[in-house]
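# Coordinate inspection notes
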Amino acid sequence: MAATEIARQAGEGARAVPLAGHVGFDSMPDQLVNKSVNHGFCFNILCVGETGLGKSTLMDTLFNTKFEGEPTQHNQPGVQLKSNTYELQESNVRLKLTVVNTVGFGDQINKEDSYKSIVEFIDTQFEAYLQEELKIKRTLHSYHDTRIHACLYFIAPTGHSLKSLDLVTMKKLDSKVNIIPIIAKSDAISKSELTKFKIKITSELVSNGVQIYQFPTDDETVAEINSTMNGHLPFAVVGSTEEVKIGNKMVKARQYPWGTVQVENESHCDFVKLREMLIRVNMEDLREQTHTRHYELYRRCKLEEMGFKDTDPDCKPFSLQETYEAKRNEFMGDLQKKEEEMRQMFVQRVKEKEAELKEAEKELHEKFDRLKKLHQDEKKKLEDKKKSLDDELNGFKQKKTAAELLQSQAQQAGGSTTLKRDKERKN
Amino acid sequence: MSDSKVTAHLDGIISDFEGSEVNPSHSNMSAPPHPQPPAKGASHGTGDFSYVGIDAILEQMRRKAMKQGFELNIMIVGQSGLGKSTLMNTLFKSKVSRKSVVSNPEERIPKTIEIKSISHDIEEKGVRMKLTVIDTPGFGDHINNENCWQPIMKFINDQYEQYLQEEINIDRKKRIPDSRVHCCMYFIPPTGHCLRPLDVEFMSRLSKVVNIVPVIAKADTLTLEERDFFKQTIREGLRANGIDVYPQKEFDEDADDRMINDKIREMIPFAVVGSDQEYQVNGKRLLGRKTKWGTIEVENIAHCEFAYLRDLLIRTHMQNIKDITSSIHYEVYRVRRLNETNAQPNGQPPNTLVNPQQANGAAAQHQVLTHEM
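In short, a report on the structure. Every value quoted in this text rests on a predicted model; they were computed, and no experiment measured them.

### Description of the packing of aromatic side chains
Applying the stated criterion to the full structure yields 15 aromatic pairs over all chains. Both rings, one in B:F139 and one in B:F202, keep their centres 4.9 Å apart while their planes meet at 70°; by these two values the pair is edge-to-face. On the criterion of sequence distance, the pair formed by B:F139 in the loop between β3 (127-135) and α5 (150-168) and B:F202 in helix α6 (residues 197-206) is long-range, its members being 63 residues apart. Like B:F202, B:F139 is buried. Above the face of the A:Y129 ring, A:R147 is positioned so that its terminal group lies 3.7 Å from the ring centre. Its end group placed over the ring of A:Y295, A:R147 keeps NZ or CZ at 4.8 Å from the ring centre.

### Some thoughts on the pairing of strand β9 (residues 243-246) of chain A
All names here are of chain A. Relative to strand β10 (residues 249-256), β9 is paired through four bridges, and the arrangement is antiparallel. Note on β10: the bridge partner recorded for E243 is K252. Counted along the chain from β9 to the antiparallel partner β10, the turn is two residues long, and its residue G247 has a positive phi close to 65°.

### Overview of the side chain of B:R63
By secondary structure assignment, the location of B:R63 is in helix α2 (residues 56-68). Leave out the neighbours within four places in its chain, and B:R63 touches A:D219, A:T221, A:V222 and A:V281.

### A short note on a nonpolar patch on the surface
Residue and element names in this part refer to chain A. A surface patch of nonpolar side chains, amounting to about 240 Å² of accessible area, comprises F346, V347 and V350. Along the chain, F346 falls in helix α9 (residues 319-426). Since its relative accessible area comes to 46%, F346 is described here as partly exposed.

### Description of the sheet that holds β9(A)
Residue and element names in this part refer to chain A. Overall, antiparallel pairing links the three strands, which are arranged β9-β10-β11 in an open sheet. At either end of the open sheet lies a strand with only one pairing partner, and these are β9 and β11 (259-262). Neighbour-to-neighbour, the strand axes of this sheet turn through a mean angle of 65°, independent of strand direction.

### Here we look at the side chain of A:T98
Residues and elements named next belong to chain A. In this fold, T98 is placed in strand β5 (residues 93-103). The exposure class assigned to T98 is buried, which follows from its relative accessible area of 8%. For T98, the side chain forms a polar contact with the side chain of N44, separated by 3.1 Å. Apart from the residues within four sequence positions on either side, T98 is in contact with F43, N44, I45, S83, N84, T85 and H144.

### Quick word on the packing of helix α3 (residues 114-134) of chain A against helix α8 (residues 283-305) of chain A
Residues and elements named next belong to chain A. With their axes 10 Å apart at the nearest point, α3 and α8 run at an angle of 80° to one another. Our classification of the angle between α3 and α8 gives roughly perpendicular. Contacts from D123, F126, E127, Y129, L130, E133 and L134 in α3 reach T290, H291, H294, Y295, Y298, R299, K302 and L303 in α8. Along the lines of polarity and charge, the residues of the contact of α3 with α8 split into seven nonpolar, three polar and five charged.

### Observations concerning the packing of helix α1 (residues 28-39) of chain A against α2(B)
Relative orientation of the contacting elements α1(A) and α2(B) amounts to 140°, with a least axis distance of 9 Å. It follows that α1(A) is oblique to α2(B) by the angle criterion. For the pair α1(A) and α2(B), the sense of crossing is right-handed. Contacts between α1(A) and α2(B) involve A:P29, A:D30, A:L32, A:V33, A:S36 and A:V37 from the former and B:L58, B:M61, B:R62, B:A65 and B:M66 from the latter. Here the residues of the contact of α1(A) with α2(B) sort into eight nonpolar, one polar and two charged.

### Remarks on the sheet that holds strand β4 (residues 80-90) of chain A
All names here are of chain A. A sheet is described by the order of its strands in space; here six strands give the open sequence β4-β5-β3-β6-β7-β8, paired in mixed fashion. Strands with a single pairing partner mark the edges of an open sheet, and in this sheet they are β4 and β8 (235-236). Sheet topology places β4 next to β5; 11 bridges connect them, and they run antiparallel. Pairing of T85 across the sheet is with T98, part of β5.

### Thoughts on a negative patch on the surface
All names here are of chain A. Together, E352, E356, E359, E363, E366 and D369 make up a negatively charged patch on the protein surface. Within the fold, E352 resides in helix α9. E352 sits in the partly exposed class, given a relative accessible area of 44%.

### Structural notes on the nonpolar core
Among the nonpolar cores identified, the biggest contains 88 residues, and A:F63 and A:L278 are the most heavily contacted of them. By residue number, the principal contributor to this core is α3(A), which donates nine residues. Those residues within four positions of A:F63 in sequence are excluded, and the remaining contacts are A:I45, A:L88, A:L97, A:I279 and B:V52.

### So, the pairing of strand β3 (residues 41-48) of chain A
Residue and element names in this part refer to chain A. Where burial is concerned, most of β3 is hidden: eight out of the eight residues are buried. The alternating pattern of β3 places F41, F43, I45 and C47 and C42, N44, L46 and V48 on opposite faces, both of which are buried. With seven bridges joining them, β3 and β5 adopt parallel strand pairing. Bridging across to β5, C42 finds its partner in K96. One ladder, built from four bridges, connects β3 with strand β6 (residues 150-155); its direction is parallel. Within the sheet, the bridge partner assigned to V48 lies in β6 and is Y153.

### Considering helix α8 (residues 255-267) of chain B
Side chains three or four residues apart in an α-helix point the same way, a direct result of the helix having 3.6 residues per turn. Residues and elements named next belong to chain B. In this model α8 runs 19 Å from its N-terminal to its C-terminal C-alpha over 13 residues, within 8% of the 18 Å that 1.5 Å per residue would give. Those residues of α8 that fall on the buried side of the exposure criterion are N261, I264, R265 and M267. Taken end-on, α8 shows its buried residues confined to a sector of 155°, consistent with a single buried face. Summarising the geometry of α8, the exposed residues directed more than 90 degrees from the buried face are A255, M259 and E266. The inward-facing, buried residues of α8 abut α7 (224-240), β6 (270-271) and α9 (306-316).

Rules and cut-offs
- Residues numbered from 1 in each chain as written.
- Chains lettered and ligands numbered in written order.
- Predicted model: local features only at pLDDT ≥ 70, side-chain atom pairs only at ≥ 80, totals over all residues.
- Heavy atoms only, no water.
- Phe/Tyr/Trp six-rings, centres within 6.5 Å; stacked < 30°, edge-to-face > 60°.
- Helix = DSSP H or I, 4+ residues; strand = E, 2+ residues; numbered from the N terminus.
- Buried < 20%, exposed > 50% of the residue type's maximum accessible area, 1.4 Å probe, protein only.
- Lys NZ or Arg CZ within 6 Å of the ring centre and 35° of its normal.
- Pairing = 2+ DSSP bridges.
- Contact = heavy atoms within 4.5 Å.
- Patch = residues over 30% accessible without salt bridge, like charges linked within 9 Å, V, L, I, M, F, W, Y side chains within 5 Å.
- Areas by Shrake-Rupley, 256 points an atom, 1.4 Å probe, with all protein chains shown as cover.
- Salt bridge = Lys/Arg side-chain N within 4 Å of Asp/Glu carboxyl O.
- Axes fitted to C-alpha atoms, helices over the stretch in contact; angles between N-to-C directions.
- Polar contact = N/O pair within 3.5 Å; in protein donor to acceptor, adjacent residues only side chain to side chain.
- Parallel < 35°, antiparallel > 145°, perpendicular 65-115°, else oblique.
- Nonpolar A, V, L, I, M, F, W, Y, C, P; charged D, E, K, R; others polar.
- Left-handed = near helix turned anticlockwise from the far one by under 90°.
- Lys, Arg positive; Asp, Glu negative; His and termini not counted.
- Charge placed at Lys NZ, Arg CZ, Asp CG, Glu CD.
- Core = buried A, V, L, I, M, F, W, Y, C linked by side-chain atoms within 4.5 Å.
- Expected span 1.5 Å × (residues − 1).
- Arc of directions from axis to C-beta.

The quantities given are spatial measurements derived from coordinates; they are silent on function.
Okay, here's the thing in structure tokens:
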């Protein structure tokens, strides 16, 4: 039997080797992309903002489709999250887009708990993915990823500063999701106010330690554009699905008596920048950040919360499994103990009940005996009475017969007496 | 014409020749089409309403892939003297084999099967790849070759284990280093008859844990008829023993895939010849083997099937090979591993590794029961 001897040579420091000709693995990116195209992509956006800030309209404008039929009903208490999934296709790319809307955000009188349902929703998606990942028989590569990749936070165009609700919500969300703040309905603010507003917002975010999503600047191809865009955050956007004729073209715009705001005009609003950054340049990076940063953080916290550790005091391998085993045994032990307790209690209760029932039985027996005796007494009495009555009856009968006899005798005698009288008369 | 012009002209012909070698005979195995990058720039502002830009994600993915680089781990198994190292060098057009790395290559057969893995960083047109070649000297070289597949199986499973360990860590790396064996090339000596018991035994065991690509080594000793007959016998032997080599029938995704893979299945195992020396043939410098009766050109499909092998392995199916390893073989290993530590006393393994809801549910049920009493 051949024993083994495993030798690793230069495993870590792989040597760089020049190629003497065309090998062909430069087609690897193409192979990877083709596989992804066949598979389809998915992207999930969460829109957080107060009612009436134009969230649904902006989504329609961004993706050039009419998503929802009628506007959402705003009559539920608390913040509801409504998610809708759409299948979009452009050239050969299929995208499964999920848009989650917060309905009723900021509508309540007491807004302390508004952020909770949002955080809960995001956590639920992470949890679902974690469960799938931890399954024994899993299908990760065909799993429909519902984790939120980007959160568009809609800021009301007040022109002054961020509302405290905004700050609190963004602070709670910044470690869970990529936040991209945008100023909604920005056609309500003038140019000069807008610059002041943006500066105010960014300084408030920084001073409160809110980590918003920064477009990545490590790849040279997009570093430049991303860093310029980083300076334009938050984007001031205007959304519109109606088209207006400008010159000889139909453009998406909002028409006012004093002028028309063109959505895709860079000097009117930052919509184009938002679309560029969100979709055309950084969609993949958003997905990656969600998976490698936010999801990993959630996973780590969740597993640590459940009591798992990576290294035991003596650094045993596969300790997750063993910790789980230990925990499971502990839990089974607990379960068994509790079962025992339950059983004991059950037995005891049964005993008690049995004793009670026995008592009751005894009582019933006694009662029965008593009644029986009573009944017997009564019966005896009645019999006695009956007997005496019978005697009376007998006596009476005797008397009656005697009386009758006497009577018949008397009659005879009377008859004879009458005869006698008759005879006497005759005589 | 001046000398330099001639050489330039010749170089042009060579590159065309090398490229066109492959195309006419099997168009289905040509390099995958490069997806068109979307038109970027200022044009989106002016007239293109319906263009959202979703397909820009392809470009983003490509950028990410180029930045990250790729990994490929190939294992080569076969008796000594079958030209394994030379074939590796030919495939990757550089000195990637163990013999080229070790300064004093020992030519003696090791007493025990060793597993030697060497990594290389290669780059082509901006695409970086970490290629790991895992050699198995000593396989099949002894008198008694019983269980010679065991160390290899153990190595493959160890790689899966390593990956699994990292994956279930709480604090895990962003990119788990992938040392799993993606592809195992099994070298069949060109006897011309049929599969030997050692071949059958090895392949039937290992085809369950790794993608096996069988090749007929040193195929220049077989004539074309002998080669076809040998291939047929091998295919029958594989079928008879239930050995599923790459591309496996059950993993075909759709009709197109099946069509392409059926063509490949008709051709395996590839009869290859390896060489890392160039000779002058018809005025061109080509990789080949020079003998007294002629020069065998390695990349000429009329001579041997090296080009097909290279295309399958590198140019068209590399991603697919890696996918099957990670989503099927690795998952099978994972299920097995997690089940053997998870099985409850009554022998029924639960479906989840950790299910807090279940735990909570049991506790909740328990609470309800005690309240009822």
